[in-house]
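Each chain is listed here by its residues.
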Amino acid sequence: MQIRTRLTVQFAMIVATILLVTVSILYYSTAQYRRFEFFTQLRGKATTTSDLFLRVPEVDSTLLRLIDRNKRDVLPSESINIYNSANEIVYTTNDARAFQTTPAELDKIRKLGEVQSEYGDFEVIGLHCPSPQGDYVVTAGAIDNFGKNKLRKRQLLLLTVFLGGLIVVGIAGWVFAGRALKPINDIVARMKQISASNLDARLDEGNRTDEIARLAQTFNKMLTRLENAFNLQKTFVANISHELKNPLTAITSQLEVSLLRERDNADYQRTLESVLEDIQKLNRAASSLLDLASLNTDQVQLTRSPLRIDELLWICREQLLGNHPEFHVEMDMDLPEDAQRLMVNGNDHLLGIAFTNLMENGCKFSDSGAVKLTLKTAPYQISLVFQNHGIGILAEDLDNIFQPFYRGKNTISGTGHGIGLSLVRRIFDLHGAELQVSSDKENGTQFQIKMPTIASSNPQ
């Protein structure tokens with residue numbers, strides 16, 4: 001069942017319930033008022049008859065019956081009866097009585113003072129009328145033809161209003177549901193027009209305040225993420241193809257040249273060394289890609305353990321200098337007396353990759369092949385600064401250097417794959433660390449990291 005149909009049915013059921021309760025209350029109120037009004041008339045007739053019979057000595061049964069028969073307000077099948085203390089009828093306006101009052105009912109009237117009851121179509125009221133002449137009971141009964149006919153007409157009117165209201169509500173609900181769902185239908189129609197070729201298209205956000213507008217805004221944000229993902233994928237394919245093609249082309253060319261003619265062992269040795277260097281480049285690129293892919297999922301689960309940052313930094317320095325003896329890494333550490341202020345809860349392998357990348361980049365793009373590392377501690381935070389003096393990063397490149405495969409305009413000719421810094425940013429994000437970068441010609445390039453310590457998660 002479509003939402004429009006469900007909304008219409010639910011709306012009609014709610015309004016039908018309200019209408020049913022309303023007309024039921026109106027009908028019940030009308031019926032009660034008719035009964036109250038009719039019994040008031042009967043009470044008045046019974047009281048008048050009893051007063052004339054019991055309190056006016058000049059009026060006897062014959063005269064009272066004559067008076068009653070000549071009244072103009074006689075009710076249909078009206079019957080008024082007076083009973084004495086022996087439950088005998090001493091007066092009646094209608095010999096052909098349509099209802100009989102039993103002794104038990106007369107006793108009940110004497111006990112309660114007034115009793116209202118029904119006998120078939122008759123509605124009867126009984127009044128206790130004690131007097132000096134004796135203990136009397138008066139009963140007055142009649143059929144309320146006028147009131148009941150009026151009530152039936154009111155019932156028919158209310159039923160007509162109820163059924164007519166249902167029809168009107170059904171039509172109005174269908175129209176209203178259609179208008180309410182029109183923005184959603186427009187969104188669906190627009191979404192069907194969006195494909196991989198036009199991900200830059202966006203939905204109309206309307207007034208930007210109601211629920212439909214928020215739905216459109218959510219879709220637009222999703223489209224933005226999809227567009228970025230598609231662009232990143234295109235960039236990834238283009239860059240990885242370029243990064244893999246160059247070493248493979250170089251390897252192929254060198255091997256083809258070596259196979260053109262016989263060469264001495266020294267030539268083969270140089271060729272193999274060159275091929276090995278290109279293979280190592282491919283290896284590093286593949287490893288970086290695997291690390292980046294594994295960290296870019298939304299469900300990364302890190303194996304964490306307490307570790308000292310200063311010790312990990314020294315290990316990273318030794319490994320880097322072992323592979324690149326020409327680099328120089330200066331360590332300036334302001335170590336606190338409390339070793340706990342150097343402890344973080346992290347993954348030593350990933351943090352090692354991040355620190356090594358920052359050291360290597362600092363040395364690689366430095367005029368002197370050197371980078372300075374400064375470590376400072378605060379009660380719940382460790383501050384690391386990697387500083388070098390070299391070609392720097394252009395202002396227009398600062399916002400993009402953490403994008404995968406992005407390389408600054410002044411570093412295109414250098415070695416690298418444009419993966420390292422995006423990997424660094426992701427690693428620090430996973431560890432809850434803040435990474436900032438600044439660069440200018442006078443002060444060089446500075447990467448600053450602020451990491452929470454173990455003590456920050458359990459402050460005293």
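The model shown is predicted, which means the values in this text are computed figures rather than measured ones.

(A) Expanded view of the overall build of the protein chain. Counting its secondary structure elements, the protein chain contains ten helices and twelve strands. Considering the protein chain as a whole, with its 460 residues, one finds that 36% of them fall into the buried category. Summarising the internal contacts of the protein chain: among those between residues at least 6 apart in sequence, 63% fall at separations of at least 24. Taken as a whole, the protein chain presents about 27800 Å² of accessible surface, with 56% of it coming from carbon and sulfur.

(B) View of unusual backbone geometry. Unlike most non-glycine residues, Ser-77 shows phi in positive territory, near 55°. By the secondary structure assignment, Ser-77 is in the loop between helix H2 (61-69) and strand S1 (79-83). Residue classification places Ser-77 among the partly exposed positions, given a relative accessible area of 40%. The backbone of Asn-87 shows a phi angle near 65°, a positive value even though the residue is not glycine. Examined against the element boundaries, Asn-87 turns out to sit in the loop between S1 and strand S2 (89-92).

(C) Quick peek at the packing of aromatic side chains. Summed over all chains, the structure comprises three aromatic pairs. Consider the rings of Phe-355 and Phe-386, whose centres lie 6.3 Å apart with planes at 25°: the pair is stacked. A residue pair is termed long-range when its members are at least 10 positions apart, and Phe-355 in helix H8 (residues 348-364) and Phe-386 in strand S10 (residues 381-388) qualify at 31 residues. In this pair, the class of Phe-355 matches that of Phe-386, namely buried. Here the aromatic rings of Phe-355 and Phe-428 are separated by 5.9 Å at their centres, their planes lie at 50°, and the arrangement is tilted. On the criterion of sequence distance, the pair formed by Phe-355 in helix H8 and Phe-428 in helix H9 (residues 420-430) is long-range, its members being 73 residues apart. Each member of the pair, Phe-355 as well as Phe-428, is classed as buried.

(D) Fine view of the packing of H8 against H9. In contact at an axis separation of 9 Å, H8 and H9 are set at 140° when each is read in the N-to-C sense. Relative to H9, the element H8 is oriented oblique. The handedness of the crossing between H8 and H9 comes out as left-handed. Contacts between H8 and H9 involve Leu-350, Leu-351, Ile-353, Ala-354, Phe-355, Asn-357, Leu-358 and Asn-361 on the former and, on the latter, Gly-420, Leu-421, Leu-423, Val-424, Ile-427 and Phe-428. Here the residues of the contact of H8 with H9 are counted per class, giving eleven nonpolar, three polar and no charged.

(E) Inspection of the pairing of strand S5 (residues 134-142) at higher detail. Extensive coverage of S5 is indicated by the burial of seven of its nine residues. Inspection of the sheet shows S1 paired to S5 by five bridges, in the antiparallel sense. Within S5, the position partnered with Tyr-83 by the bridge is Val-137. Of the pairings in the sheet, the one linking strand S4 (residues 122-131) to S5 comprises nine bridges and is antiparallel in character. Counterpart to Gly-126 in the pairing with S5 is Thr-139. Hairpin connection from S4 to S5: two residues lie between these consecutive antiparallel strands.

(F) Structural detail: the sheet that holds strand S3 (residues 114-119). Spatial ordering of the open sheet is given by S2-S1-S5-S4-S3, a layout of five strands whose pairing is antiparallel. Every interior strand has two partners, whereas the edge strands, S2 and S3, have only one. Taken over all neighbouring pairs, the strand axes of this sheet differ in orientation by 20° on average, direction set aside. Helix H3 (residues 103-112) contacts S1, S3, S4 and S5 of the sheet and is inclined by roughly 145° relative to S3.

(G) Structural view of a nonpolar patch on the surface. Together, Ile-167, Ile-171, Trp-174 and Val-175 make up a nonpolar patch on the protein surface, roughly 400 Å² of accessible area in all. Following the sequence through the fold, Ile-167 ends up in helix H4 (residues 145-193). Looking at Ile-167, the relative accessible area reads 56%, which means it is exposed.

(H) Summary view of the pattern of salt bridges. Here the structure, examined in full by the defined rule, presents twelve salt bridges. Residue Arg-43 pairs with Glu-114 through a salt bridge whose shortest N-O separation is 2.8 Å. Of the two residues, Arg-43 sits in helix H1 (residues 3-55) while Glu-114 sits in strand S3, which places them 71 residues apart along the sequence. Judged by its relative accessible area of 31%, Glu-114 is partly exposed. Among the ionic pairs, Arg-110 bridges to Asp-135, the shortest N-O distance being 3.4 Å. Highlighted residues: Arg-110 in helix H3 and Asp-135 in strand S5, separated in sequence by 25 residues. What makes Asp-135 partly exposed here is its relative accessible area of 26%.

(I) Spatial organisation of the packing of helix H7 (residues 309-323) against H8. Running from N to C, H7 and H8 cross one another at 55°; their axes reach a closest spacing of 9 Å. Taken together, the axis directions place H7 and H8 in an arrangement best described as oblique. The handedness of the crossing between H7 and H8 is right-handed. Note on element contacts: H8 touches H7 through Asp-348, Leu-351, Gly-352, Phe-355, Thr-356, Met-359 and Glu-360, opposite Ile-309, Leu-312, Leu-313, Cys-316, Arg-317 and Leu-320. Here the contact of H7 with H8 is built from residues that sort into eight nonpolar, two polar and three charged.

(J) Looking closely at the sheet that holds S10. Spatial ordering of the open sheet is given by S7-S9-S10-S12-S11, a layout of five strands whose pairing is mixed. Each of the sheet's edge strands pairs with one partner strand only, and the pair in question is strand S7 (328-333) and strand S11 (434-440). Within this sheet the neighbouring strands show an average axis-to-axis angle of 15°, counted without direction.

Scoring rules and cut-offs
Residues numbered from 1 in each chain as written. Predicted model: local features only at pLDDT ≥ 70, side-chain atom pairs only at ≥ 80, totals over all residues. Heavy atoms only, no water. Helix = DSSP H or I, 4+ residues; strand = E, 2+ residues; numbered from the N terminus. Buried < 20%, exposed > 50% of the residue type's maximum accessible area, 1.4 Å probe, protein only. Contact = heavy atoms within 4.5 Å. Areas by Shrake-Rupley, 256 points an atom, 1.4 Å probe, with all protein chains shown as cover. Phe/Tyr/Trp six-rings, centres within 6.5 Å; stacked < 30°, edge-to-face > 60°. Axes fitted to C-alpha atoms, helices over the stretch in contact; angles between N-to-C directions. Parallel < 35°, antiparallel > 145°, perpendicular 65-115°, else oblique. Left-handed = near helix turned anticlockwise from the far one by under 90°. Nonpolar A, V, L, I, M, F, W, Y, C, P; charged D, E, K, R; others polar. Pairing = 2+ DSSP bridges. Patch = residues over 30% accessible without salt bridge, like charges linked within 9 Å, V, L, I, M, F, W, Y side chains within 5 Å. Salt bridge = Lys/Arg side-chain N within 4 Å of Asp/Glu carboxyl O.

Without other data, these values stay purely geometric and don't point to any function.
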